[in-house]
Amino acid sequence: MINQQVQAVTIAGHDSDGSAGMPADLHAFFVDGVYGHGLLTAAVSGNSYGIDAAQVMPKDYIEQQFKTLSTDFKISAAKTGMLANDDVINVVADQYAKVDFGPLVVDPVIITKHGAMLLEQSAYELFRERIVPLATVITPNFYEAQKLTGLQLKDTQEMFDAAVKLHEMGAKNVVIKGEHNDPTQKEVVDVVLLEDGSRFELTKPFFDTTHVNGTGDTFSAIIAAELAKGTDVKNAVIRAKDAVFAAISHPLEVGHKFGPINHWAAERELKKKEL
């Protein structure tokens, strides 16, 4: 009975405070009932106040991780997180073409939820050329979608226009997460464009909290976990949205400033949906 457990892998950076990156992905895999592997691309030293140091993994080490995991485990889906620079992007694209890790969910860690750039311009262009076309699902936040498509996303229609552009770049299914920086807003609207051309909106109430670290990581990781289990993309996205809203709206008291979302609340929501 080898490799009977459903398995997924995150190709991402490690955040030492556990709130985002690979730790958030692995939390998400676990609460959705999928065994998670971690393929490390970078590591950061940080806490709830901020990041103090960062280290990118050597490309030969990243390459070896692909080989090591693929020779032993049956990985049924994967997701990407922080890809850091040109070398990391190239080695991930090269190696993903050589292994069978199933559908790929691309969380384009390019720009923070507050609009700060996380990649140099050259790496961003390479990401668009080499990683976006690999995506079974791509899940940019509002600012990442602006950067990737060149559109301002003034309204829902323009968000759908941006989703079409990402589809044309090679991503099969697109989820653009709505802006959520205005404490006076009542709701957050995401747009979804599926491979068959069908489209819909996902709307949840806006919850004002500083404990949102790992939101995008968890959302994309739950989509990947659901795809690994054989769920169709539409229902995978809906389950991920429900779980993440539960995690945001039940904050954990961890740290002094910016904190993590609550994966236990996400787990309760996912289990409730199974009843």
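Throughout what follows, the structure given in this document is the object of discussion. (Residues numbered from 1 in each chain as written. Predicted model: local features only at pLDDT ≥ 70, side-chain atom pairs only at ≥ 80, totals over all residues. Heavy atoms only, no water.)

## Examining the overall build of the protein chain
Applicable threshold: Secondary structure elements are defined from DSSP: runs of H or I of at least 4 residues count as helices, runs of E of at least 2 residues count as strands, and each element is numbered from the N terminus. Within these notes, the globule rule equals 2.2 Å times the number of residues to the 0.38 power, and the radius of gyration is based on C-alpha atoms. Exposure classes here rest on a 1.4 Å probe applied to the protein chains alone. A residue is buried below 20% of its type maximum, exposed above 50%, and partly exposed in between. The criterion used for residue contact is that any of the two residues' heavy atoms lie within 4.5 Å. The protein chains shown are the only cover counted for residues, whose accessible areas, like all others here, come from Shrake-Rupley with a 1.4 Å probe.
A count of helical and extended segments in the protein chain gives nine helices and nine strands. Here the C-alpha radius of gyration of the protein chain, 17 Å, is about what a compact globule of 275 residues would show, namely 19 Å. Summarising its shape, the C-alpha atoms of the protein chain cover approximately 50 × 40 × 35 Å along the three principal directions. Expressed as a percentage of the 275 residues in the protein chain, the buried residues total 54%. In the protein chain, once contacts between residues fewer than 6 apart in sequence are set aside, the share between residues at least 24 apart is 67%. When the accessible surface of the protein chain is split by element, carbon and sulfur atoms take 53% of a total near 12400 Å².

## Comments concerning the sheet that holds strand β3 (residues 50-56)
Filter applied, for reference: Note: two strands are recorded as paired if DSSP finds a minimum of 2 bridges between them. Lines fitted to the C-alpha atoms define the axes, with helices restricted to the stretch that makes contact. Angles between their N-to-C directions range from 0 to 180 degrees.
Within the open sheet, the nine strands sit side by side as β3-β2-β1-β4-β5-β6-β7-β8-β9. Their pairing is mixed. Pairing within the sheet leaves two strands with one partner each, and these edge strands are β3 and β9 (199-205). As judged from the two bridges shared by strand β6 (residues 137-138) and strand β7 (residues 173-176), these two strands associate in the parallel manner. From the neighbouring strand, isoleucine 138 faces β7, where its bridge partner is valine 174. In the packing of helix α7 (residues 215-228) onto the sheet, contacts are made with β1 (7-15), β4 (77-80), β5 (104-106), β6 and β7, and the angle to β4 comes to roughly 165°.

## Some remarks on the side chain of asparagine 262
Put simply, the test is: Under this definition, polar contacts are N or O atom pairs within 3.5 Å; protein pairs additionally need one hydrogen-donor-capable and one acceptor-capable atom, and for neighbouring residues in sequence, both atoms have to be side-chain atoms.
Checked against the element boundaries, asparagine 262 lands in the loop between α8 (233-248) and α9 (263-274). Within the structure, the side chain of asparagine 262 is placed 2.9 Å from the backbone oxygen of histidine 250, a separation counted as a polar contact. Only 3.0 Å separates the side chain of asparagine 262 from the backbone nitrogen of tryptophan 264, close enough to count as a polar contact. With near-sequence residues (within four places) excluded, asparagine 262 lies in contact with Ala247, His250, Leu252 and Arg268.

## Section: the packing of α8 against α9
What counts, and what does not: Each angle gets one of four labels, with under 35 degrees taken as roughly parallel, over 145 as roughly antiparallel, 65 to 115 as roughly perpendicular, and the rest as oblique. By definition, turning the near helix anticlockwise from the far helix through less than a right angle yields a left-handed crossing, and turning it clockwise yields a right-handed one. Only Asp, Glu, Lys and Arg are considered charged, only Ala, Val, Leu, Ile, Met, Phe, Trp, Tyr, Cys and Pro nonpolar, and every remaining residue, Gly among them, polar.
Where α8 contacts α9, the two axes come as close as 7 Å, and the packing angle between them is 140°. Here α8 lies oblique to α9, going by the angle between them. Our pair here, α8 against α9, has a crossing hand that is right-handed. Counted together, Arg239, Asp242, Ala243, Ala246 and Ala247 of α8 and Ala265, Ala266, Glu269, Leu270, Lys273 and Glu274 of α9 form the full contact between these two elements. Counted by class, the contact of α8 with α9 contains six nonpolar, no polar and five charged residues.

## Here's the deal with the side chain of arginine 239
Summarising the element assignment, arginine 239 is placed in helix α8. Judged by its relative accessible area of 15%, arginine 239 is buried. Sequence-distant contacts of arginine 239, that is, excluding residues within four places in its chain, are made with Asp32, Ile222, Glu226, Lys229, Leu270, Lys273 and Glu274.

## Overview of the environment of lysine 98
Following the sequence through the fold, lysine 98 ends up in the loop between α3 (86-96) and β5. Linking lysine 98 and phenylalanine 66, residues 32 residues apart in sequence, is a C-alpha distance of 9.0 Å.

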